[in-house]
Amino acid sequence: KSFRDGLEKTRKGFVEKVSDLIIRRKKIDEEFYEELEEILIGADVGVNTVMTLVEELRAEVKQKRIEDAAELQPILSRKLMELLRGDDDNSLKENPDGITVILFVGVNGVGKTTTIGKLAHRYKQEGKKVLLAAGDTFRAGAIEQLEVWGQRAGVDVIKQQAGSDPAAVMFDAVQAAKQRNVDVLICDTAGRLQNKSNLMEELNKIFRVIQREIPSAPHEVLMVLDATTGQNALSQAKLFGEKSGVTGLVLTKLDGTAKGGIVVAIRQEMNLPVKLVGLGEKMEDLQTFDSSQFVHALFA
Ligand code: GDP
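Residues numbered from 1 in each chain as written. Predicted model: local features only at pLDDT ≥ 70, side-chain atom pairs only at ≥ 80, totals over all residues. Heavy atoms only, no water.

> A description of the pairing of strand β4 (residues 184-189) should follow, citing residues and the corresponding values.
With 6 of 6 residues buried, β4 is to be regarded as a mostly interior element. Neither face of β4 is open: one carries Val184, Ile186 and Asp188, the other Leu185, Cys187 and Thr189, and all of them are buried. As paired elements, strand β1 (residues 100-105) and β4 share 5 bridges and run parallel to each other. Paired with Phe104 across the bridge in β4 is Asp188. (Buried < 20%, exposed > 50% of the residue type's maximum accessible area, 1.4 Å probe, protein only. Helix = DSSP H or I, 4+ residues; strand = E, 2+ residues; numbered from the N terminus. Pairing = 2+ DSSP bridges.)

So this is what it looks like as structure tokens:
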């Protein structure tokens, strides 16, 4: 799915409301700003961010002596782009000298396995040799589910039995990746985000095992968040994101929410890039996050 298709709900639930407001009120007065704030907060842009945004809008309206509400739309889309820090490079880091190792973390149900499957497919389409590591040995069914995605994408999965040590799975996976001349090794982890110290311990152990074999790895540690959970996704990211070695965020199920403004809130409140977004359940429904495509899809 393209950004345009994937963001249809947000376009309807958020951008069309702004357009309606502009048409209905025509004039920029106090009530206009209040309604605009409500719409933005309703789209999960986040209260702090909305306050700043509307403050800046007011300043610009005053400075440029804008009276017609219709002139606000392009200003609003530019401001959103700035808030999304449009110049960031959100592409995934690769290891120039060998195997690229990507680790995924995230609580159950956010779409971690699906995203791993989609990413494996994407790399495969690019002609790369991909291997998956079933490092979530904790959750029932996680290994089988990863195997289903492995089959779909046409890539092998390195696994042990349920309950085994994830670090041992990673060790096997790195060995296999070396033997098989793999380009990209994508690792699932249990995450256990319910408990921060467990997560850190488990991740540190995994890091040590991988780094012994590939010193520059992992090249990305991606934390998966479910966009439909709105502000909850943001709290999860805040709780675990910045100090756990996470290098980037993946926002899944953007197609399933009218509150796509959560991307803006996360960009504002987290010092981590949104690297990928999920726009559907199919293998192809994964996009590198691009702020300008995002904003264009909303307003165009
Ligand atoms: P995990 O427990 O984190 O591994 O989550 P799963 O990968 O099993 O995904 C949970 C559910 O979310 C599944 O039904 C997926 O099809 C669905 N899902 C994952 N990503 C997306 C997405 O980008 N869009 C939509 N609409 N559904 C998604």
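So much for the structure itself; the text now carries on.
> Which residues make up the UniProt feature "domain: SRP54-type proteins GTP-binding" (unreviewed entry) in the protein chain, and what values go with them?
Here, the residues flagged by UniProt with the feature "domain: SRP54-type proteins GTP-binding" (unreviewed entry) are residues 273-286. Across residues 273-286, the secondary structure splits into 0% helix and 43% strand, with the terminal C-alpha atoms separated by 16 Å. (UniProt positions renumbered as here; feature names shortened; annotations may be inferred.)

> I'd like a description of the pattern of salt bridges, backed by residues and values.
Evaluation of the coordinates by the stated rule reveals 24 salt bridges. A salt bridge links Lys159 to Glu147, with the nearest nitrogen and oxygen atoms 3.2 Å apart. A residue pair is termed long-range when its members are at least 10 positions apart, and Lys159 in the loop between β3 (156-158) and α8 (166-179) and Glu147 in helix α7 (residues 142-153) qualify at 12 residues. A relative accessible area of 44% places Lys159 in the partly exposed class. Given a relative accessible area of 24%, Glu147 falls into the partly exposed group. Across the pair Glu220 and Lys275 runs a salt bridge whose closest N-O atoms are separated by 2.8 Å. Of this pair, Glu220 sits in strand β5 (residues 220-226) while Lys275 is found in strand β7 (residues 274-278), placing the two residues 55 residues apart along the sequence. Residue Glu220 shares its accessibility class with Lys275, and that shared class is buried. Look at the salt bridges and you will find they share partners, linking Glu56, Glu60, Lys64, Arg78, Lys79 and Glu82 into a network. (Salt bridge = Lys/Arg side-chain N within 4 Å of Asp/Glu carboxyl O.)

> So what's going on with the layout of surface pockets? Residues and values would help.
Its volume calculated, the largest pocket comes out at about 310 Å³. Around the largest pocket, the lining comprises 21 residues; the ones closest to its centre are Gly109, Val110, Gly111, Thr114 and Lys253. Examining the composition of the lining of the largest pocket, we find that 5 residues originate from one element, helix α6 (residues 112-125), more than from any other. A breakdown of the residues in the lining of the largest pocket according to their chemical character gives 3 nonpolar, 10 polar and 8 charged. (1 Å grid on protein atoms, 1.4 Å probe; cavity = no way out; pocket = protein on both sides within 12 Å on 5 of 7 lines; lining within 4 Å. Points joined across faces, edges and corners; volume = space filled by probe spheres on them. Nonpolar A, V, L, I, M, F, W, Y, C, P; charged D, E, K, R; others polar.)

> Please set out the site of the ligand residue by residue, giving values where relevant.
Looking at the ligand, there are 17 residues lining it, with Gly109, Thr113, Thr114, Gln145 and Glu281 nearest. Here Lys253 contributes a backbone N or O atom positioned 3.0 Å from an oxygen atom of the ligand. Within the side chain of Glu281, an N or O atom sits 2.6 Å from an oxygen atom of the ligand. Protein coverage of the free-state accessible area of the ligand, which is 580 Å², stands at 80%. With respect to the detected pockets, the ligand is housed in the largest pocket. Here the shell around the ligand gets 4 residues from one element, more than from any other, and that element is α6. Looking at the shell around the ligand, its residues break down into 3 nonpolar, 8 polar and 6 charged. (Near = heavy atom within 4 Å. Polar contact = N/O pair within 3.5 Å; in protein donor to acceptor, adjacent residues only side chain to side chain. Areas by Shrake-Rupley, 256 points an atom, 1.4 Å probe, with all protein chains shown as cover. Sits in = over half its atoms within 2 Å of the grid points.)

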